[in-house]
Structures are given as structure tokens and as C-alpha cells.
Amino acid sequence: MIEKIKIGVVLIAVFTMGSCQINEEPDKPHVELVEESFKTPSSQYGISCFWWWLNGNVTEASITNDLEAMKEKGFNGALIFDAGGQNQQGNGDVPEGPMFGSAEWQLLFQHAVKEANRLGLKLGLSIQSGWNLGGPDVQPQEASKLLTWSEITVSDDHTSAIKLPIPKHRNDFYQDIAVLAIPFRSADADLASVSDLNSKIAAQEAAFSATDMRPAFLKDKNKEDGRAHASSKEVIDLTDKLNDKGELEWTVPAGKWTIMRFGYTTNGAHVSTASGGWNGLVIDYMSKQHFLHYWNRHVRPLLLSIDTLAGTTLNYLHTDSWELGGANWTESLRDEFRNRRNYDLLSFLPVVAGKIINSREESNRFLADFRKTISDCIADNHYGFFAQKAHEFGMGIHPESGGPHAGPFDGLKNFGRSDLIMSEFWSPSGHRPTPERRFFVKQAASAAHIYGKKLVAAEGFTTIGHHWDDVIWKDMKPSFDHEVCAGLNKTYLHTFTNSPKEMGLPGQEYFAGTHFNPNITWWKFANVFFDYMARVQYMMQDGQFVADVLYYYGDHVPNIATLKASDPAGALPDFDYDVINEERLLQLETTKGCVQLPQGSRYRVLVLPDHAILSVDALKKIKLLVQNGATVIGPKTQKTMSLMAYPASETEVSQIAETLWGNTTAARGNKKVGKGRVVWGYTASEWLMQDGISPDCHFVDNNDSLNFDYIHHNRNGKDDYYFLSNQNGQDVETDVAFRITEKLPEFWNPETGEIMEAKAFKQENGMTTIPITFKPYGSWFVVFRKNIPANQQGTRAMNFEHYENVDTLSGAWEVAFKSAFGESAEVTFPQLTSWTEHTDRNIKYYSGSALYKKSFTLKDASSQLLYLDLGKVADVGIAKVSLNGKELAVLWSPPYRLKLSGAKIGLNTLEVEVINSWRNRLIGDKGLPKDQRRTQTNIAVRDDWKLITSGLIGPVTLQRAQSQ
């Protein structure tokens, strides 16, 4: 047993509450907390899954089997995701089924939708096979595009037509955009281009995901030296002088000239992880026209084929994460740029080719405008248009449009076009070993909050390299809990692979993802974990997220928010925050000293990015918010990063900044402006504390050695509840303080559905402090909904509950094995040991469940108040406990302890069913001749796989509870 850690009580400073209060969202129905709905949530709050149709190898029978299994386990539904990937990383192939969208595939699709309708399940559809969006019939003109160019230098002694080389291109595809000439000056020949040019022109996927590299896009590593290759006025447009032979018919003026031929080609991106023949180019993500072509060819026919079930049973359409690399052109981009940025990009196009136009400063400003225009086109012409087309069928969309890798886009803006916000999170694996590479939901949650969306979903438990070796409480639960604290409220298991019966056991599987389907050994008990997630999702899907801090992440592209712990506002650990972009910042208003979004979300402070570069529109809005009473924290704005209205824009910025911050040189301070305040030199947490605001939720010891997290929701402006997560693999006892008073705290246990009043708490100075015991990776809801009568307010005794051993059930256990292949054995274990230590190879390499049985005697009536502790349960971590023929509980996380209900004086019979994963049997079968193996799968059993400790390890003890 891991040693318990007890954290002592510390004094929480006394603060007064500010005037900014969180109110219920207007125009939304009241949704009360209902105890029965928490204990047994409806399928509305159930999980969903990425339902992998692997290489198209599915059958009507396997479709029905899967959907019925989902229904039986309380699923809300599934996302049909046709894809390949079965043979990656050295794994084997599986038979190829019908190609996505073919007549045969449509019949399977129609069967799935009809069966889901029969069962009351909701479906989504990924609108292609694999990802990124594209396919075998996408022509180069429709594909994602990159700028390309060639250049030559000529002099005025050139008298014949000038042959311009065709720029480098892909897929035998090239189209001209423009031919431009600039003077050639030998003194400027060595002038370096803007730094990080390929990234700044969006020619490659940005390198950052969780590590914030935005400063690299907002400055130049090379210093301004007054030189330029040309001024914008010197750029000559020669496009109309290029003939059909690629020759420039131009009389060269005096001197030398650099002539640049600009065009576009495909970016080379192909559909990834597609089934069978569904390979091909990725479509242009900046063009409505090319999306519409794809939609009409492939998506619309599928939706028409299911008639009225589109928009009812099939209610969401999907595309997966942005992984198509760089993209920086579409046919209409010049017009889009002119309409959105109010100037023509043509004279600055040489910057893309490495030239400095006007100045290094102006060249970087142009590139910022260029990337922002690309981002706007992706958001509006792809994701926004996708939503528009789906809405015509009464459907929504949930593409993974915000990352997790940075691309030439604003992640929040892309998400804002979705109806359900879809992100992803990973379980631990070698591919993504650290939190900043595994957790991405904070951005999705912020997008949902600022755009007024209800559902924050994620592809969950993705891994690479792990197969059938998952421990629910250790590998899955803490990852789920971590992202709930970031705002997750709807989980899509990744992945639930359809595996026809003919593919054997454990069957065909995708190369990545935690495996969930009826073929896993622990499926019959999987509902205990699924019910846990459903209870959490019931609590988190309704009500309003409560945060004190709103962080503005600027208007620069690429731009994504990352995991919650990145905390750019400095709000954590005692306060929470949302992230907002420029589009929604401009919708903010000031209400009672708070900044407020149109749907009602309020925040005490608005925090600005530390780079001090804002757009004119953003700064003007900030000034208005402050004058009306808002508190804004951040450094004095120094400049914009745009050529729009430049250089007059800088004069306006300077004047507004002077009004807001003044001319102080102090490292930190604050200034009253109108009804509000501007603050600098403080983190959000530091300022809120100084301003008299108590922590929203304070764990007495949340430090480098112990890690906790929380999220706070409010319903109807009256009921508050906090989800608390122990992110430590050990028992911990700590005091937790909440910014709530005069209400009775209750514990709502999401593992069991049990609800109980807090036995001990202290209320003083506007805070309620509660001693809480967390088991390893444990979690609680602490709910404040009932008023405390005035004569009962104050302090109840603070204590923790402990357990002492009364007896150990040592000695022999009878163990019955029965595998999925019909093999059975009944053996005696003289003592509790791992199955892998047994001499019988059928037990050593066993995978499945085993039933342990033991009798014990109780001598007196007081013994009936005992608890049973199973000790260690390996490897999946599930144990069903029965006493005297009556099932008591299915336990799935340590400590494996429960009340020994139904015990009697005299002889009692205890039965414990334990399950391990497929890993050991697969290892054992690998060592047998092929004709003796019972398992069957395309996943390669690797030589470095090790046997996993399995079974009931114990010690199994009888315990009595004591309070301290």
C-alpha cells in the first residue's frame, strides 16, 4: 500500500469579495442538479467513440454487434471513421473492404444509420477516409497550394524577349500569379530576408504546439539597418507582358533588374491513413469553391442516401486534425487580402521570395497581414462554409480544427465555426510522454465558452505503441480527469475498432489508440468506467464555467492556446481562466466591473499578452472596456503588427497607450482610467489577491511534489460545484478551501454515484474549508446547493477517516479460469501471487477473468461493521466482489476497499473476479507454432513486450474505520 500523505491546514488570508459576481447565462433554460440523474445518468450524457472502420473491413453483422454493445454500455453514440493505419509501425494488414463512398460502402453506411436509429444512438460521420480532407479524385487545381517563384536578373542591354524559368512545382501543376520587377542594387545583394521566412510565409507547419513561439513571428532576428531591396513604389507589375510561351515582352529600363515570376503549385499534402484506394491530394482549405466540389461529389450523396435520418440519427459531420503542413495560396487570395486588409498585396509579394520591401519592419508587418488573411480564409471559407452546408441538412460539425499542431490559423476562430468543439487528449505513451504534448482541451473549452457553445469534446486516450496493457485507474482516469479540469465535458473514445467475427480475438486494430470494443477482455465490466465518465459529463455539460480571468492571446497568426497549465495569464493555481481571440474580444462589454461576453460569461480581469503588440481595433476596445469600469492587466502597448493604416496606426496606438498606461517607468503599478483600472507588472493571481479577491479554490499544498486540479461550475446563479482531481498516484489527505459560504458542502462521488454531506468543514471569512481524503488519482465533486440554517453555521470538527486492519485472509484460494476460447481450469493458489509466476503455461500466459473463492469465519456481531480491502489488483485493475452469493460491487481503482455488507456470524464465502488484458496471452501465443495459437490480430507482438503482473495480489484484509 502506498504510504498516505497528510497535508496540514494553513491559514488562508482574509479577503473581501469584489463586486463582480457570476450570473446565470441569459436566455438559457434552468437546469437543476438532480441526484438521480447523477447516480444514473441518461445516455444523453454518455460517452461516444471514434468508431474505426478499419480499411473498410466491416460487415452488417459486425456493425449491429458494435452498436448493440454500445447501447448496452450506455453510449451516447459513435463517429463513423473510415481509415487505414492498420499496418503502420510494423503491424500486419487486414482485408480490404469497400472503398469509402462506393455503392457497397453506402449500403454498410445506411445499415449503420438505420441500426443506430433503432437503438436510439446518435452518429457522426468523418466525411472521408483518413485525414486531411481530400481523396483520389481531387485535382491539382482543387488541392492545397503553396506559392512558388523563380527569379532572374537582367540589364538594359537585353533586347530580345526574356525567357522566364517556370518555378519549381509539384504534381506537374503550376499556375501563374504575377510577374514583378524590382531594381537590382549590388549594395543590397547580401541583405538577409526576414528571419524564419518559411514559417512567416506559412510555407511550413509552425513548429510549436505547447511551446509558445509566437514571439518569433512578432519580431525579426536581424536588425533594421535602413536598407531594402526596393520600395513598394519601385515594384513594377509586368504580369500582362508575359506571353503564352513564358516569355516577357518588356523593354528593360536603365540599369539592372530582378524579375520574379510568382505562381502556385500544390503543397504536396496527401490524405493520411486512408483505407484502400482513398489516397489523393488534400483539398484547398482556403476555398469555398473547392470545398463545395468535394461536398457535392462525396458528402451530399451520402446524406441524401439516408433521407430523414440526416439531421436526426446522423447529427454531426467531422474532419480530423490539421496535419497538412504549410499552405499559403488560393485563387481568390489577392481579392480576399484586399477586402480584409484594405490594401493590395501585389507590391509586397517579393517579401515572400526573401526580399525586403520598404523596410524590414514593413516587410514583417506585411507577412503578419498575409498570415492573418490566410487564417481568415481557413476559418470562413473552409470551416465556416462546412458548417453552412451541414446546417442545410439540419446537422452540426465538429472538426478538430484548432490543432494540436500550430498551422496558419487562429485556433479559437476555427473552433468558433463548429457546433460542437472537438479537441483531443492522449494517455501516456512514448510518442507523447509529457503533459504539454498530451493535453489540448483548454483551447477547445475556451472556444466553447467565448462562442457560447455547450459541448467541449475530445478524442480521448489516444496512444502510440501501447496495445492491451492499459490500467484504467492509472493510465486512463487521470488523463480524463486532467482534461475535465480544463473544460472537457464529452469524451469520444479513441478508438473503438469494428472487428468482424472472422478476424478472431482480439481482432483487427488500428495501430494507435487505446483499444475499446467488445473484444477486450474487460468489456463486460467496462461500464463501471464509462458510468464514471457519464456522471462527470452530466455535471459538466450543464451550468456555467466560473473563472476570474480572461486572457487575450492577440490577433497574430499562427495562434493557438495550449494546455491549462501553460497559464499565460498567471492565474493558477487558485484562480481559473479562459482564452479569448480578437474576434470575440471586440464583442466584450463591461458589466459591474467585469468584462462580459454576449452569452453572459463574466471575468474579473482581462489580461493582455506580454509582447505588448496589439491591433488598433483591440486597443480601442480595451480603452472602452476600461473607461466603463473593467480592470485590464498587461504591459503598455508599444505597436501594432500590421500595414493597415500604417504609419498613422502607430500614432493612434501611442496616444491610446498613453491614455491608458501614462508615461510611468515603474516596473509595476496601476492607473485609474475612467471607471476602470489598468495594471502592469502583476500576474492575474497576484493582482486579484492584492485587490481583495479570495482564491476560488485553494488546495493547501499544490506544489512540485503534489499536483491537484479543479474546475468550478455554477447553475442558475445559485448552485456551485467543483470537480477536484488528485493527479498523484498515492493517497493524499488535504484541506481544500472554496470561495463559498453559508451553504452546506456535499460530496458527490462520481465513481459510485453516492452523495453525502461533508462530515467536517469550517466556514469563516467568506471561505469554506473542508478536509478531503483522495485516493490515488481520486476525484470528487464538492457541491454547494443547500443553505445552512443560521444556528448551524460555523465550524464542524475537522477530521480524516482512517482504517486499521482486523484480520488478513491469508492462506489458500481456489481460482477458476475460463478463457474466451472455452479453455478452463480450477486450481488452488497456496498464496496470492501473479499468474505469470505459475508453472502451468496456460495460467502463466492467461488473459481474461478468473474467479477467486475463499471462506472465512466471523465470531461476533460487531465484526459486521468491517470493510474489505483487496490490496493490489492487477493488471487492468477491475475486481467484482461477491459475498455469500450476493454481488457487492465492481471496484476499479485503489484502494480496493468496500463495506462488507451482508456478512454474517460464522462462515462466509468471498468471491472476487479479476481480469487482465490480452497482453500475456499474445506473448504466450507468439512462442507457439502458428497452428497452436488461439489469438488472432494484425498487431505485431514485439520481442520487447514483457509479461504483466496479473491477478489478485493482495493482501486481502478485513478493516475497521476510525476517525481522527
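Residues numbered from 1 in each chain as written. Predicted model: local features only at pLDDT ≥ 70, side-chain atom pairs only at ≥ 80, totals over all residues. Heavy atoms only, no water.

A. Inspection of the pattern of salt bridges at higher detail. Enumeration according to the criterion identifies 57 salt bridges in this entry. Among the salt bridges present, the one from R341 reaches D376, with a minimum N-O distance of 3.3 Å. Taken together, the positions of R341 in helix 7 (residues 333–341) and D376 in helix 8 (residues 360–391) put the pair 35 residues apart, joining distant regions of the chain. Among the residues examined, R341 registers a relative accessible area of 7% and is labelled buried. Sharing partners across several salt bridges, the network here consists of E336, R340, R341, D376, D380, K413, R417 and E583. (Salt bridge = Lys/Arg side-chain N within 4 Å of Asp/Glu carboxyl O. Helix = DSSP H or I, 4+ residues; strand = E, 2+ residues; numbered from the N terminus. Buried < 20%, exposed > 50% of the residue type's maximum accessible area, 1.4 Å probe, protein only.)

B. Broad picture of the packing of aromatic side chains. This model, assessed by the stated rule, comprises 64 aromatic pairs. Each ring, one from F291 and one from F385, has its centre 5.9 Å from the other, and the planes form 75°; the classification is edge-to-face. One end of the pair, F291, is in helix 6 (residues 288–305); the other, F385, is in helix 8, with 94 residues separating them in the sequence. Here F385 falls in the buried class, since its relative accessible area comes to 8%. Between Y722 and F784 the ring centres are 6.2 Å apart and the planes differ by 85°, which places this aromatic pair in the edge-to-face class. Of this pair, Y722 sits in strand 30 (residues 719–726) while F784 sits in strand 36 (residues 779–787), and the two are 62 residues apart along the sequence. Each of the two residues, Y722 as well as F784, counts as buried. One aromatic cluster is present, built from ring pairs that chain together F75, F425, F461, F480, F496, F516, W522, W523, F529, F530, Y532 and W892. Looking at R432, its charged tip hangs above the ring of W426, at a distance of 4.6 Å from the centre. Residue placement shows R668 over the ring face of Y682; its charged tip is 4.0 Å from the ring centre. (Phe/Tyr/Trp six-rings, centres within 6.5 Å; stacked < 30°, edge-to-face > 60°. Lys NZ or Arg CZ within 6 Å of the ring centre and 35° of its normal.)

C. Here's a closer look at empty space enclosed by the protein. With the rule as written, the count across this model stands at three cavities of 30 Å³ or more. One number sums up the size of the largest cavity: a volume of about 110 Å³. Considering the residues around the largest cavity, the lining is formed by 15 residues, among which G402, G403, P404, S423 and F440 are closest to the centre. Sort the elements by how many residues they give to the lining of the largest cavity and strand 15 (residues 421–426) lands first, with three residues. Approximately 60 Å³ is the volume found for the second largest cavity. Every residue along the wall of the second largest cavity is listed here: W468, D469, D470, H515, I520, T521, W522, S917 and W918. Residue composition of the lining of the second largest cavity, by class: four nonpolar, three polar and two charged. (1 Å grid on protein atoms, 1.4 Å probe; cavity = no way out; pocket = protein on both sides within 12 Å on 5 of 7 lines; lining within 4 Å. Points joined across faces, edges and corners; volume = space filled by probe spheres on them. Nonpolar A, V, L, I, M, F, W, Y, C, P; charged D, E, K, R; others polar.)

D. Structural detail: the sheet that holds strand 18 (residues 544–545). Strand order in the open sheet made by the six strands is 18-29-30-36-32-33, with antiparallel pairing throughout. Whereas interior strands pair on both sides, the edge strands pair on one side only; in this sheet they are strand 18 and strand 33 (755–757). Inspection of the sheet shows strand 32 (residues 743–748) paired to strand 36 by six bridges, in the antiparallel sense. Residue pairing across strands places K743 opposite N787, the latter belonging to strand 36. (Pairing = 2+ DSSP bridges.)

E. Representation of the environment of Q110. Along the chain, the position of Q110 falls in helix 3 (residues 103–119). Residue Q110 is classed as buried on the basis of its relative accessible area, which comes to 17%. Measuring from C-alpha to C-alpha, the distance between Q110 and T741 comes to 55 Å, with 631 residues separating the pair along the chain. When near neighbours in sequence (up to four residues on either side) are disregarded, Q110 contacts S305 and I306. (Contact = heavy atoms within 4.5 Å.)

F. Main features of the layout of surface pockets. If you add up the space inside the largest pocket, you get close to 1300 Å³. Contributing to the lining of the largest pocket are 40 residues, with N749, E754, M756, W780 and Y803 lying nearest its centre. Secondary structure elements with two or more residues in the lining of the largest pocket: helix 13 (527–541), strand 33, strand 35 (767–774), strand 36, strand 37 (801–808), strand 44 (886–891) and strand 45 (897–899). Element by element, the count of residues in the lining of the largest pocket is highest for strand 35, at five residues. Classifying every residue of the lining of the largest pocket gives 20 nonpolar, eight polar and 12 charged.

G. How the structure looks around the sheet that holds strand 6 (residues 145–155). Here we have four strands laid out as an open sheet, ordered 6-11-8-9, and antiparallel in their pairing. Both edges of this open sheet fall to strand 6 and strand 9 (236–237), since each of them pairs with a single strand only. Of the strand pairs in this sheet, strand 8 (residues 175–183) and strand 9 are connected by two bridges, and their pairing is antiparallel. Paired with A181 across the strands is I236, a residue of strand 9.

H. Molecular detail of the pairing of strand 31 (residues 732–738). Counting buried residues in strand 31 gives seven out of seven residues, a clear majority hidden from the surface. Residues of strand 31 alternate between two faces, with V732, T734, V736 and F738 on one and E733, D735 and A737 on the opposite face, all of them buried. As paired strands, strand 28 (residues 697–699) and strand 31 are joined by three bridges and run antiparallel to one another. Bridging from a neighbouring strand, F699 pairs with V736 of strand 31. Direction of pairing for strand 31 relative to strand 35: antiparallel, over a ladder of seven bridges. Looking at strand 35, one finds that T734 is bridged to I772.

I. Expanded view of unusual backbone geometry. Going from A874 to D875, the amide bond is cis rather than trans, its omega being 0°. Looking at where D875 falls in the secondary structure, it is placed in the loop between strand 42 (872–874) and strand 43 (878–883). In this structure, P955 follows G954 across a cis peptide bond, with omega equal to 0°. Relative to the helices and strands, P955 resides in the loop between strand 47 (951–954) and strand 48 (957–963). A positive phi angle, close to 55°, is found at N171, a residue other than glycine. Here N171 lies in the loop between strand 7 (162–163) and strand 8. Residue class for N171 comes out partly exposed when judged on its relative accessible area of 37%. For N884, which is not a glycine, the phi torsion comes out positive at approximately 55°. Along the chain, N884 turns up in the loop between strand 43 and strand 44.

J. Just the nonpolar core, in detail. Core analysis: the largest hydrophobic core is formed by 209 residues, its most contacted members being W51, L317 and F366. Ranked by the residues each element gives to this core, the list is headed by helix 8, at 11 residues. The contact partners of F366, leaving out residues within four places of it in the chain, are F337, Y343, L345, F348, V351, V352 and L643. One finds Y777, V827, A850 and L866 within the second-largest nonpolar core, a separate group that totals 36 residues. (Core = buried A, V, L, I, M, F, W, Y, C linked by side-chain atoms within 4.5 Å.)

K. Highlighting helix 6. Taking 1.5 Å of rise per residue, 18 residues should cover 26 Å, and helix 6 covers 24 Å from first to last C-alpha, within 8% of that figure. W295 marks the point of greatest bend in helix 6, at about 50°. Those residues of helix 6 that fall on the buried side of the exposure criterion are H290, F291, Y294, W295, H298, V299, L302 and L303. Along its buried surface, helix 6 packs onto helix 3, strand 4 (122–126), strand 5 (134–135), strand 6, strand 13 (314–318) and helix 8. Capping the start of helix 6, S287 holds a side-chain oxygen 3.2 Å from the backbone nitrogen of Q289, two or three residues further along. (Expected span 1.5 Å × (residues − 1). Bend = angle between axes of the 7 residues up to and from the residue. Polar contact = N/O pair within 3.5 Å; in protein donor to acceptor, adjacent residues only side chain to side chain.)

L. Local environment of the pairing of strand 4. With four of five residues buried, strand 4 is to be regarded as a mostly interior element. Regarding topology, helix 3 serves as the crossover connection from strand 3 (residues 77–83) to the parallel strand 4, and that connection is right-handed. (Right-handed = clockwise from strand over helix to strand, strands pointing away.)

M. Structural view of the confidence of the model for the chain. On average, residues of the chain score 93 in pLDDT, and 94% of them reach the 70 mark or higher. Below a pLDDT of 50 lies the segment residues 1–18, which in the model reaches 48 contacts outside its immediate sequence neighbourhood of four places, other chains included. Note on residues 23–27: pLDDT is under 50 here. Beyond four places in sequence and across chains, it has 12 contacts. (pLDDT = per-residue confidence, 0-100.)

N. How the structure looks around the packing of helix 3 against helix 6. Where helix 3 meets helix 6, the axes come as close as 10 Å, and the angle between the chain directions of the two elements is 50°. Viewed along their axes, helix 3 and helix 6 adopt a mutual orientation that is oblique. Between helix 3 and helix 6 lies a crossing of right-handed hand. Each of W105, Q106, F109 and Q110 in helix 3 lies in contact with helix 6, whose residues at this interface are P301, L302 and S305. Here the contact of helix 3 with helix 6 is composed, by residue class, of four nonpolar, three polar and no charged. (Axes fitted to C-alpha atoms, helices over the stretch in contact; angles between N-to-C directions. Parallel < 35°, antiparallel > 145°, perpendicular 65-115°, else oblique. Left-handed = near helix turned anticlockwise from the far one by under 90°.)

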